[in-house]
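Overview (structure and organization)
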Amino acid sequence: MMSANPTRFNLFNYFLGEEGVAQTADTTVIEFRDRRISRDELRVEAECWANRILGYGVTQGDRIALLLYDSPEFIACFLAAVSIGAICVPINTFLPAHDVAFILSDSGARLLIVESELEDKAKVSGEASASCTIVKLDSQSRSLLCSESDIGADTPHLPYDTTTRETPAFLLYTSGSTGAPKGVLHLHGSVPFTVESYAANVLHLTGEDRVFSSSRMFFAYGLGNSLSFPLAAGAVVLLEPERMSAGRLARFIEDRKPTVFFGVPAVYLSLLEYRWSGGRVDLSSVRLCVSAGEALPGRILEDWQREFGLTTLDGIGSTEMLHIFISNRERNSRAGSSGTVVEGYEARLVDETGAEVRADELGSLWVRGGSAFAGYWNRADLTEQTIRDGWVRTGDIYQRDDEGFFYHVGRSDDCFKVRGLWVSPIEVESVLISHDYVSEAAVVPAIDDNGLATALAYVVIRQGERGDALRDEICKFAGSRLPQYKVPSRIEFIEEMPRTATGKIQRYKLRACDTEGTQG
Ligand code: 3UK
């Protein structure tokens, strides 16, 4: 065995190499349906995928896209891709085909590994189709839908020492700002930084833990929760490919007994409501819960704590910073707050000139730390606007109290999140105004009766009678063209749009209108 070159670093070795954590080869690392996969089995599976990938002629720096459910194959393919120095591009399996096509073409993927059940979303068109090979995986049997002999066999496996902490490892697409999704590029070194700063120091994750994340691995949040953190700690990750209702999730937790649960606020609310409606929710295996993606309303946190006697740590992370950089702690948390800066990161609240705001004033959040992204893929302009001297501008407005607790106030752009997923007002508005009766539309976040974000649309009507029938009709129209979470849950008719002198809709004025939370 060659001794590892100290400047060399590869995530495959970090997780599965001999110098890895104190687990033995036969320790279970993944539980999936009725399978238990040991560390050694995962390593063999990932090496096998690495050889296949090499057999397709993929080389260092090439992009390999994954359109896969949360499964052992997702983890094996991800580790295989990064082991040979390729750049892994996990794609959101809920995206419509045209967004998948955009990501394949924008990233210039050489290879796409896709679930047979998601094949329809992977119609590669135009230029991309000539250069992107598609490999299908049977969604039920979890085996390849092509013969191994189709792949250049006998390709020698490369040693995993061609990379360093500075080598690009993966690209995560996010549609945070208006417009097309952008690829956030991370280097191999980002991952150990999140493991040490957050998983070890904040969550105290150990080999005794069993983790489950309701957010998927194609999100940075899920990727840390289900891949990096458990593998680095020698914990078990529970994977579930299906989307679960509150009832199924409650049964899953009771059966599979996770000790750490990761969710978004809407999941905590749905479990609470399920319990209040008489459903059985047994969380006795759980020692710690984590919430991220959007602010966890203080009321949900307090209801959760009262119902289940469990700590839930709200923390803010982002795709650009890879994982959580401001968080509450088990023995030091505040309801309604994102918590305090995680050790290893620095955070500043600044005004428009970049000067630090005074205590108690609102400011834009800038953050710095070793897991910051390397740049947006092929978007030097946007990279330049977002990251300077290592400081990443998050686009969030925060307030900090004198104990260092951060409180989320909103976003400086107009985008917002519903159920932890981005909603771009412009995208929803363009659908609404394509309806014959709608002349103008403005979409803003609103808060429903539970304190969670929903989309509210103000529309100016061209013709037709303003009433519930038209409301329903417009919602149905939007529902046939947008994923459900983007469909406005309320529609208000107005005479005229408030606009600036330059003709921009003043969404902030509409936000301010929504004080009395009327019907939907
Ligand atoms: C918002 C929050 C208030 C905030 C993420 C954990 O959500 C993640 O990444 P995204 O790139 O979105 C980032 C933006 O989401 N946000 C996230 N968490 C909170 N706002 N309180 C919170 N607790 O606007 C942020 O800029 O999708 C979350 C870990 C990794 C992640 N990528």
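The rules we used
Residues numbered from 1 in each chain as written. Predicted model: local features only at pLDDT ≥ 70, side-chain atom pairs only at ≥ 80, totals over all residues. Heavy atoms only, no water. Pairing = 2+ DSSP bridges. Helix = DSSP H or I, 4+ residues; strand = E, 2+ residues; numbered from the N terminus. Contact = heavy atoms within 4.5 Å. Axes fitted to C-alpha atoms, helices over the stretch in contact; angles between N-to-C directions. Disulfide = S-S within 2.5 Å. Buried < 20%, exposed > 50% of the residue type's maximum accessible area, 1.4 Å probe, protein only. Near = heavy atom within 4 Å. Polar contact = N/O pair within 3.5 Å; in protein donor to acceptor, adjacent residues only side chain to side chain. Areas by Shrake-Rupley, 256 points an atom, 1.4 Å probe, with all protein chains shown as cover. Parallel < 35°, antiparallel > 145°, perpendicular 65-115°, else oblique. Left-handed = near helix turned anticlockwise from the far one by under 90°. Nonpolar A, V, L, I, M, F, W, Y, C, P; charged D, E, K, R; others polar. Core = buried A, V, L, I, M, F, W, Y, C linked by side-chain atoms within 4.5 Å. Expected span 1.5 Å × (residues − 1). pLDDT = per-residue confidence, 0-100.

1. Let's talk about the sheet that holds strand E15 (residues 340-341)
The nine strands are arranged E2-E1-E10-E9-E11-E12-E13-E14-E15 in an open sheet whose pairing can be described as mixed. Two strands in the sheet have a free side with no partner beyond their single neighbour: strand E2 (35-38) and E15. Note that strand E9 (residues 210-213) and strand E11 (residues 260-263) share three bridges and pair parallel. Among the inter-strand pairings, Ser213 is bridged to a residue of E11, identified as Phe262. Taken strand by strand, helix H8 (residues 246-256) contacts strand E1 (28-32), E9, strand E10 (236-239) and E11, and its axis lies near 170° from that of E9.

2. Side note on the state of the cysteines
All chains considered together, the criterion is met by zero disulfides. Cys88 supplies the cysteine sulfur nearest to Cys77, a cysteine that is in no disulfide, at a spacing of 7.8 Å.

3. Looking at the pairing of strand E16 (residues 346-350)
Taking burial as the measure, the five residues of E16 include four buried ones, the bulk of the element. In the sheet, E16 pairs with strand E17 (residues 363-368) via five bridges, with the strands oriented antiparallel. Each residue of the ladder has a partner; that of Ala347, found in E17, is Val367.

4. Here's the deal with helix H4 (residues 97-107)
Burial in H4 covers these residues: Asp99, Val100, Ala101, Ile103, Leu104 and Ser107. Considering only its buried residues, H4 is in contact with strand E3 (63-67), strand E4 (87-90), strand E5 (111-115) and strand E7 (168-174). Backbone geometry just downstream of H4 places Gly108 in the positive-phi region, at approximately 65°.

5. A word on the site of the ligand
Close contacts around the ligand come from 23 residues, with Asp314, Gly315, Thr319, Asp396 and Lys417 the closest. Interatomic distance of 2.7 Å between a side-chain N/O atom of Asp314 and a nitrogen atom of the ligand. Here Thr319 contributes a side-chain N or O atom positioned 2.6 Å from an oxygen atom of the ligand. Against a free-state accessible area of 610 Å², the protein chains account for coverage of 94% of the ligand. Of all elements in the fold, only helix H7 (220-233), strand E13 (312-317), strand E20 (391-400) and strand E21 (406-411) reach the threshold of two or more residues within the shell around the ligand. Among the elements that take part in the shell around the ligand, E13 stands out by supplying four residues, more than any other.

6. Section: the sheet that holds strand E26 (residues 490-493)
Within a sheet, each strand pairs with its neighbour through backbone hydrogen bonds, oriented either parallel or antiparallel. Reading across the sheet, the three strands line up as E24-E25-E26 and stay open at both edges, with mixed pairing between neighbours. The open sheet has two edge strands, strand E24 (438-447) and E26, and neither has a second partner. Adjacent strand axes in the sheet meet at a mean angle of 25°, parallel and antiparallel pairs treated alike. The pairing of strand E25 (residues 453-461) with E26 spans four bridges and is classified as parallel. Within the sheet, the bridge partner assigned to Val459 lies in E26 and is Phe493. Strands in contact with helix H12 (residues 425-432) are E24 and E25; relative to E24, the strand with the most contacts, it is inclined by about 140°.

7. Quick notes on the packing of helix H2 (residues 39-55) against helix H3 (residues 72-83)
Helix-helix packing is described using two parameters, namely the angle between the two axes and the distance between the axes. Interaxial distance between H2 and H3 falls to 8 Å at its minimum, and their mutual angle equals 55°. The angle between the axes of H2 and H3 places the two elements in the oblique class. Both H2 and H3 take part in a crossing whose hand is right-handed. Where H2 abuts H3, its residues Leu42, Glu45, Ala46, Trp49, Ala50 and Ile53 lie against Pro72, Glu73, Ile75, Ala76, Cys77, Leu79, Ala80, Ala81 and Ser83. Classifying every residue of the contact of H2 with H3 gives 12 nonpolar, one polar and two charged.

8. Points about the packing of H8 against helix H9 (residues 265-276)
Between H8 and H9, the least distance of the axes is 9 Å, while the angle of their chain directions is 90°. Here H8 lies roughly perpendicular to H9, going by the angle between them. Along the contact surface, H8 presents Ala246, Gly247, Leu249 and Ala250, while H9 presents Val267, Ser270, Leu271 and Tyr274. Per-class residue counts for the contact of H8 with H9 are six nonpolar, two polar and no charged.

9. Structural notes on the nonpolar core
Judged by nonpolar contacts, the single largest core of 110 residues is most densely connected at Leu42, Ile75, Phe78, Leu79 and Phe170. Sort the elements by how many residues they give to this core and H3 lands first, with nine residues. Once residues lying within four places of it in the same chain are set aside, the contact partners of Ile75 are Ile30, Leu42, Met217, Ser226, Leu227, Leu231, Val237 and Leu239.

10. Observations regarding unusual backbone geometry
Even without a glycine there, the phi angle at Arg33 is positive, about 50°. With relative accessibility at 34%, the residue Arg33 sits in the partly exposed group.

11. A few points about H9
The terminal C-alpha atoms of H9 lie 17 Å apart, and with 12 residues this matches the ideal 16 Å at 1.5 Å per residue to within 8%. Every buried residue belonging to H9 is among Pro265, Ala266, Val267, Tyr268, Leu269, Leu271 and Leu272, and all of these are buried. Against H8, E11, strand E12 (288-291), helix H10 (298-308) and E13 lie the buried residues of H9. Immediately downstream of H9, the backbone of Gly278 shows phi near 100°, a positive value.

12. Let's talk about the confidence of the model for the protein
For the protein, mean pLDDT is 89; residues scoring 70 or higher make up 91% of the total. A low-confidence stretch, residues 516-520 (pLDDT under 50), is modelled with seven contacts involving residues beyond four sequence positions or located in other chains.

13. Structural notes on the side chain of Ser327
On the secondary structure map, Ser327 appears in strand E14 (residues 324-327). Discounting chain neighbours no more than four positions away, the residues touching Ser327 are Tyr198, Val202, Leu313, Asp314, Gly315, Ser338, Gly339, Thr340 and Val342.

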